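Each chain is listed here by its residues.
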Amino acid sequence: MEQQQPPEGKDPSAATGGPLTCYRHPGRETGIRCVRCERPICTECMISASVGFQCPECVREGSGSGHHPAVNRPRTLAGGTVAEDPRLITKILLGINLAVFVAVWVTGRSWLVDDLLLFGRAYSGDAGAGVEGVAEGQWYRLVTSMFLHQEVWHIAFNMMGLWWLGGPLEEALGRARYLALYLLSGLAGSALTYWLSDPGQGSLGASGAIFGLLGATAVLMRRMNYDMRPVIALLVVNLIFTFNPWGGIAWQAHVGGLVAGTLIAIAMVHAPREHRNLVQYGACALVLVAVVGIVFARTAAIT
């Protein structure tokens, strides 16, 4: 027996006298109708119009000038979606850093550090293991070293910086843009360290990414016309520690992260609205290309 279909523009549930259900999702009850064709639509299908809501077909056919609900969602300063938890990514990054630190501490700080540490090219301490490092194809070290810490004071300072700087930035930029800023700043710091430091010199820590957040904070505060003196003072103090005469700090990571974070943040918060995505994604892509170029050039120079 062939099933009869209701006339176009009518609700199938109307024929049975039951509650209204979305014409695209029959299992969903609704009390909303398209203002043009009067078909029932659920919250997923309804598209805001100048008056009421329209269904996707009416909008697609050009019978109205509706806007999808996503268009009307509140946006951050950089165009990201406002999230219920504005510190979620910051919490996740902090958790990853702490988890790696605990893993290193539990295992005795030996094999895990050796496998994740950033260095250009050096002979392994294990007999017969040969040469290791980024130049030998272990490019993952550029990333893993960003989450690696050995001393309590080291991870304490970096995680305090991540929490204080990261939360406001994540709220202002949105999750995706903030994560891109963090990772690319850290990668830029690793790349500059790989380029300028001795190939056998090891480096580790999230300092490159944290300095990227510091540079981005300065850009954001300038954009919001806030008092710049606190962030300038913080930047000066950190640079003094970076270039202290006692050594022991990979200043290359700090400078690389600071430059990358500042440039990305400028693109994030100053991009014109009509070309926002192009400018923001383009800036991130350029930083990534620069990182890859530095890594390839350094690898060719030391192998």
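Everything that follows concerns the structure shown earlier in this document.
Residues numbered from 1 in each chain as written. Predicted model: local features only at pLDDT ≥ 70, side-chain atom pairs only at ≥ 80, totals over all residues. Heavy atoms only, no water.

Got a minute to help me understand the overall build of the protein chain in this structure?
Helix and strand counts for the protein chain stand at eleven helices and four strands. Put simply, the protein chain has 303 residues, and 42% of those count as buried. Across the protein chain, every contact between residues at least 6 apart in sequence was considered, and the portion connecting residues at least 24 apart equals 62%. (Helix = DSSP H or I, 4+ residues; strand = E, 2+ residues; numbered from the N terminus. Buried < 20%, exposed > 50% of the residue type's maximum accessible area, 1.4 Å probe, protein only. Contact = heavy atoms within 4.5 Å.)

Explain the pattern of salt bridges here, please?
When the charged atoms of two side chains lie near each other, side chains of opposite charge can form a pair. Applying the stated rule across the entire model yields four salt bridges. Across the salt bridge formed by arginine 141 and glutamate 132, the nearest N and O atoms sit 3.6 Å from each other. Here arginine 229 and aspartate 227 are joined by a salt bridge, their closest N and O atoms 3.0 Å apart. In this structure aspartate 227 comes out as partly exposed when scored by relative accessible area, which is 40%. (Salt bridge = Lys/Arg side-chain N within 4 Å of Asp/Glu carboxyl O.)

Would you mind showing me how to read the environment of alanine 283 here?
Looking at the secondary structure, you find alanine 283 in helix H11 (residues 276-302). Placed 17 residues apart in sequence, alanine 283 and isoleucine 266 show a C-alpha to C-alpha distance of 9.1 Å.

Can you help me understand the side chain of histidine 149 in this one?
Of note, histidine 149 is situated in the loop between helix H5 (141-144) and helix H6 (152-173). Polar side-chain contacts of histidine 149 include one of 3.0 Å to the side chain of asparagine 158. For histidine 149, the side chain forms a polar contact with the main-chain nitrogen of alanine 206, separated by 3.3 Å. Look past the residues within four positions of histidine 149 in its chain and what remains in contact with it is Asn97, Phe101, Val104, His154, Ile155, Asn158, Met159, Leu204, Gly205 and Ala206. (Polar contact = N/O pair within 3.5 Å; in protein donor to acceptor, adjacent residues only side chain to side chain.)

Even after reading the chapter, I still don't get unusual backbone geometry, so can you show me in this structure?
Leaving glycine out, the prevailing phi sign among residues is negative, and the prevailing peptide bond configuration is trans. Phi at glutamate 38 takes a positive value of approximately 65 degrees, unusual for a residue other than glycine. Note that glutamate 38 resides in the loop between helix H1 (12-16) and strand S1 (47-48). Phi at asparagine 225 takes a positive value of approximately 60 degrees, unusual for a residue other than glycine. Here asparagine 225 is to be found in the loop between helix H8 (207-223) and helix H9 (229-242). Since its relative accessible area comes to 64%, asparagine 225 is described here as exposed.

Got a minute to help me understand a nonpolar patch on the surface in this structure?
A cluster of nonpolar side chains, namely Trp153, Phe157, Met160, Trp163 and Trp164, defines an oily patch on the protein surface of about 630 Å² accessible area. Structurally, tryptophan 164 can be placed in helix H6. Assessed through its relative accessible area of 59%, tryptophan 164 is described here as exposed. (Patch = residues over 30% accessible without salt bridge, like charges linked within 9 Å, V, L, I, M, F, W, Y side chains within 5 Å. Areas by Shrake-Rupley, 256 points an atom, 1.4 Å probe, with all protein chains shown as cover.)

Which parts of the structure should I look at to understand the packing of aromatic side chains?
We describe a pair of aromatic rings using the distance from one ring centre to the other and the angle between the two ring planes. Taken as a whole, this structure holds two aromatic pairs when the rule is applied. Residues tryptophan 139 and phenylalanine 296 carry aromatic rings whose centres are separated by 5.0 Å and whose planes lie at 90 degrees to one another, so their mutual orientation is edge-to-face. Of this pair, tryptophan 139 sits in the loop between strand S4 (131-132) and H5 while phenylalanine 296 sits in helix H11; the two residues are 157 residues apart in sequence, bridging distant segments of the chain. When the ring of phenylalanine 243 is compared with that of tryptophan 251, the centres are 5.9 Å apart and the planes differ by 35 degrees; the resulting orientation is tilted. Accessibility expressed as a relative area gives 33% for tryptophan 251, which makes it partly exposed. For the cation-ring pair, arginine 39 lies above tyrosine 23, with the distance from its terminal atom to the ring centre recorded as 4.4 Å. A cation sits over an aromatic face here: arginine 87 above tryptophan 163, 4.3 Å from the ring centre. (Phe/Tyr/Trp six-rings, centres within 6.5 Å; stacked < 30°, edge-to-face > 60°. Lys NZ or Arg CZ within 6 Å of the ring centre and 35° of its normal.)

Quick question: what am I supposed to make of the nonpolar core here?
In globular proteins that are soluble, nonpolar side chains generally tend to be buried together. Leu162, Tyr178, Tyr182 and Leu213 are the most contacted members of the largest nonpolar core, which totals 52 residues. Beyond its immediate stretch of four places on either side in the chain, leucine 162 contacts Thr90, Leu93, Leu94, Gly167, Tyr178, Tyr182, Ile210 and Leu213. (Core = buried A, V, L, I, M, F, W, Y, C linked by side-chain atoms within 4.5 Å.)

For this particular structure, what's the right way to read the packing of H8 against helix H10 (residues 251-270)?
Helix packing for two helices is described by the angle between their axes and how far apart those axes are. Contact geometry for H8 and H10: axes closest at 7 Å, N-to-C directions at 35 degrees. Crossing geometry of H8 relative to H10 is assigned as right-handed. Contact residues: H8 offers Ser207, Gly208, Phe211, Gly212, Gly215, Ala216, Val219, Leu220 and Arg223, while H10 offers Ala253, His254, Gly257, Leu258, Gly261, Thr262, Ala265, Ile266, Val269 and His270. (Axes fitted to C-alpha atoms, helices over the stretch in contact; angles between N-to-C directions. Left-handed = near helix turned anticlockwise from the far one by under 90°.)

Can you walk me through the packing of H10 against H11 in this structure?
Running from N to C, H10 and H11 point in directions that differ by 165 degrees, and their axes come no closer than 8 Å. Regarding the angle of H10 to H11, the classification is roughly antiparallel. Judged by the twist between their axes, the crossing of H10 over H11 is right-handed. Residues Ala260, Ile264, Ala267 and Met268 of H10 touch H11, and the partners they reach there are Val279, Gln280, Ala283, Cys284 and Val287. Each residue belonging to the contact of H10 with H11 can be placed in one class, and the counts come to eight nonpolar, one polar and no charged. (Parallel < 35°, antiparallel > 145°, perpendicular 65-115°, else oblique. Nonpolar A, V, L, I, M, F, W, Y, C, P; charged D, E, K, R; others polar.)

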